[in-house]
Amino acid sequence: MLSIDNILETNQMIHDNKLDVRTITMGISLLECASSSGKELCDRIYDRITKEAEHLVRTGEDIEREFGVPIINKRISVTPISLVAGGSDLTSYVPIAEALDRAAKTVGVNFIGGFSALVTKGATKADRILIDSIPEALATTDIVCSSVGVGSTKTGINMDAVREMGIIVKRTAELTKDNDALGCAKLVIFCNPVEDNPFMAGAFFGVTEGDSAISVGVSGPGVVKHALEAVRGEPFDVVAETIKRTAFKITRVGQLVAQEASRRLGKPFGIIDLSLAPTPAVGDSVAHVLEEMGLSSCGCHGTTAALALLNDAVKKGGLMASSHVGGLSGAFIPVSEDAGMIDAVACGSLSLDKLEAMTCVCSVGLDMIAIPGDTTADTISAIIADESAIGMINNKTTAVRVIPVPGKTVGEVVEFGGLLGYAPIIEVSPYSAAEFIARGGRIPAPIRSLTN
């Protein structure tokens, strides 16, 4: 039974501290859509998505209104398209991306993810077609998101794929240069990708899932910051306990929404993703949570330790609130989507190197980072390789979503709008890794992969 204090506290978290459910994501398997005819495949994909997700948006809006919990996005994730399209006669998968875009717009969701390939060890013909199709697919669609898995703790890092993805990122930037390389904001390169991630741009619906599922991504960095304001000067034991208790409360809200959406839509409940997902809005910043612990500016010495504490405490608190925790779960540090991160980059306290260090202890990786437009494909591949190595060695998910903005350089600002926010262009090392990237092949899996 909820007490009046519980109700009032939740109300304050929502109205004063910007607590929200960042997304309800419906995962849909497209395996049954396979066809040798490319046209029939696209038609089947469109029909299945529009049928399965017909009531998703309205149900989310109803829950939002009835429970008073803001639900920012309604999204769809689908089976990695390279797995669905391999038997078709298509030589480009752009028509499939366009079918995904039409279907997502028909049902009214904000994004659809799964224009994806998993090439952590090697690539099939279908994988190669999909990867080659990414730049045009992201340039000709509006709400389709793409991801590629290039490594894992079990398989090592596919450096041929890493090299190729640097080229793909550059090509995507060029094809969407009129929108400040917005296509790159819809492309993520992963190590250890997970199959039940509800967050974009990296969401896809894994083959170990069923026909469909409802997953929810919660947020709430503003709630955590508010809670920490009450324990200023207290030891880190108190800080960790405060974050755990707060994460528990945040997750319970997400659990309520997820179960209700699952019941109303008649779909299995998938997972709750505990990630603290920031926005560009004031008061909704992970960087400001770290600064509340005593840092003068996010990025100064001590930031990585503070983030490690935050990430761990969020997971411990959330795990007590739900039996089905998954996705990425922790604390996101996307630069353009976090007002505090933007300020830290602008004042010089947060660099690309420091962001890389922070990814060792938090969820995902180098996210929504705008870099100079003249950054070479080799350098982008090297950034992907570094981040993949962190994920591979530490047995965690890491990713890269960098945006080389044509015509812009360090000190300039790029505007993406909405949840994607804006970002100052961050400096990249001028030294070349071209010979390193040109080697290709595969970086072997670490000794910790031998766990059988």
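Note that the coordinates shown come from a computational prediction; the quantities given were computed from them, not determined experimentally. (Residues numbered from 1 in each chain as written. Predicted model: local features only at pLDDT ≥ 70, side-chain atom pairs only at ≥ 80, totals over all residues. Heavy atoms only, no water.)

## Some details on helix 5 (residues 94-107)
Note that an α-helix has 3.6 residues per turn; residues three or four places apart therefore point the same way. Between the first and last C-alpha of helix 5 there are 20 Å, a value that for 14 residues agrees with the 20 Å anticipated at 1.5 Å per step. Those residues of helix 5 that sit buried are Val94, Ile96, Ala97, Ala99, Leu100, Asp101, Ala103, Ala104 and Val107. One or two positions beyond helix 5, positive phi appears at glycine 108, with a value near 90°. (Helix = DSSP H or I, 4+ residues; strand = E, 2+ residues; numbered from the N terminus. Expected span 1.5 Å × (residues − 1). Buried < 20%, exposed > 50% of the residue type's maximum accessible area, 1.4 Å probe, protein only.)

## So, the domain arrangement of the protein
Interfaces are frequently sized by the accessible area removed from exposure as the parts join. Under the domain assignment used here, the protein contains domain 1 (23-191) and domain 2 (213-440). The distance between the C-alpha centroids of domain 1 and domain 2 comes to 22 Å. Facing 45 residues of domain 1, the contacting portion of domain 2 comprises 49 residues. In this assembly, domain 1 packs against domain 2 so that about 3,700 Å² is buried in total across both faces, 68% of it on carbon and sulfur atoms. Where domain 1 meets domain 2, there are three salt bridges. The tally of links between domain 1 and domain 2 comes to 16 residue pairs in polar contact (both at pLDDT 80 or more). (Domains from an automatic or database assignment. Contact = heavy atoms within 4.5 Å. Buried area = accessible area lost by both parts, 1.4 Å probe. Salt bridge = Lys/Arg side-chain N within 4 Å of Asp/Glu carboxyl O. Polar contact = N/O pair within 3.5 Å; in protein donor to acceptor, adjacent residues only side chain to side chain.)

## Some thoughts on the environment of leucine 100
One can find leucine 100 in helix 5. For leucine 100, a relative accessible area of 1% gives the class buried. Taking the C-alpha atoms as reference points, leucine 100 and aspartate 43, separated by 57 residues in sequence, lie 9.9 Å from one another. Apart from the residues lying within four places of it in its own chain, the contact partners of leucine 100 are Leu30, Ile45, Ile49, Val78, Ile81, Ile112, Phe115 and Val144.

## A look at the pairing of strand 3 (residues 111-118)
Residues in a regular strand project their side chains so that they alternate between the two faces of the sheet. Burial analysis of strand 3 places seven of its eight residues in the buried class, which makes it a mostly covered element. Direction of pairing for strand 2 (residues 71-78) relative to strand 3: parallel, over a ladder of three bridges. Within strand 3, the position partnered with serine 77 by the bridge is glycine 113. As paired elements, strand 3 and strand 4 (residues 144-152) share six bridges and run parallel to each other. Among the inter-strand pairings, leucine 118 is bridged to a residue of strand 4, identified as glycine 149. (Pairing = 2+ DSSP bridges.)

## Thoughts on the environment of proline 221
Relative to the elements of secondary structure, proline 221 occurs in helix 8 (residues 221-229). For proline 221, a relative accessible area of 0% corresponds to the buried category. Sequence separation of proline 221 and lysine 244 is 23 residues, and the distance between their C-alpha atoms is 13 Å. Apart from the residues lying within four places of it in its own chain, the contact partners of proline 221 are Leu276, Ala277, Pro278, Asp284, Ser285, Val286 and Val289.

## Brief notes about the packing of helix 3 (residues 56-67) against helix 9 (residues 236-265)
Taken N-terminus to C-terminus, the directions of helix 3 and helix 9 make an angle of 135°; their axes are 10 Å apart at the nearest point. In terms of axis orientation, helix 3 runs oblique to helix 9. As for how helix 3 packs across helix 9, the hand of that crossing is right-handed. Every residue of helix 9 that contacts helix 3 at Leu56, Thr59, Asp62, Ile63, Glu66 and Phe67 is listed here: Leu256, Val257, Glu260, Ala261, Arg264 and Leu265. Of the residues belonging to the contact of helix 3 with helix 9, the class tally is seven nonpolar, one polar and four charged. (Axes fitted to C-alpha atoms, helices over the stretch in contact; angles between N-to-C directions. Parallel < 35°, antiparallel > 145°, perpendicular 65-115°, else oblique. Left-handed = near helix turned anticlockwise from the far one by under 90°. Nonpolar A, V, L, I, M, F, W, Y, C, P; charged D, E, K, R; others polar.)

## Let's talk about the environment of isoleucine 214
Mapped onto the elements of the fold, isoleucine 214 is located in strand 7 (residues 212-218). Residue classification places isoleucine 214 among the buried positions, given a relative accessible area of 0%. Along the backbone, isoleucine 214 and asparagine 452 are 238 residues apart, and their C-alpha atoms lie at a distance of 32 Å.

## What about the nonpolar core?
Residues Leu100 and Leu310 are the most contacted members of the largest nonpolar core, which totals 141 residues. Of all the elements, helix 9 adds the most residues to this core, at nine residues. The residues that make up this core include at least three from each of domain 1 (23-191) and domain 2 (213-440). (Core = buried A, V, L, I, M, F, W, Y, C linked by side-chain atoms within 4.5 Å.)

## Focus: the packing of helix 7 (residues 159-175) against helix 14 (residues 377-394)
One can describe the packing of helix 7 onto helix 14 by two numbers: an axis separation of 8 Å at closest approach and a directional angle of 130°. Considering the angle they form, helix 7 stands oblique to helix 14. Where helix 7 crosses over helix 14, the handedness of that crossing is right-handed. In contact with Met159, Val162, Arg163, Met165, Gly166, Ile167, Val169 and Lys170 of helix 7, helix 14 contributes Ala377, Ile380, Ser381, Ile384 and Ala385. Partitioning the contact of helix 7 with helix 14 into residue classes produces nine nonpolar, two polar and two charged.

## Let's talk about the side chain of threonine 304
Turning to its location among the elements, threonine 304 is positioned in helix 11 (residues 303-319). Once you skip the residues sitting within four places of it in the chain, threonine 304 turns out to touch Lys354, Ala357, Met358 and Val361.

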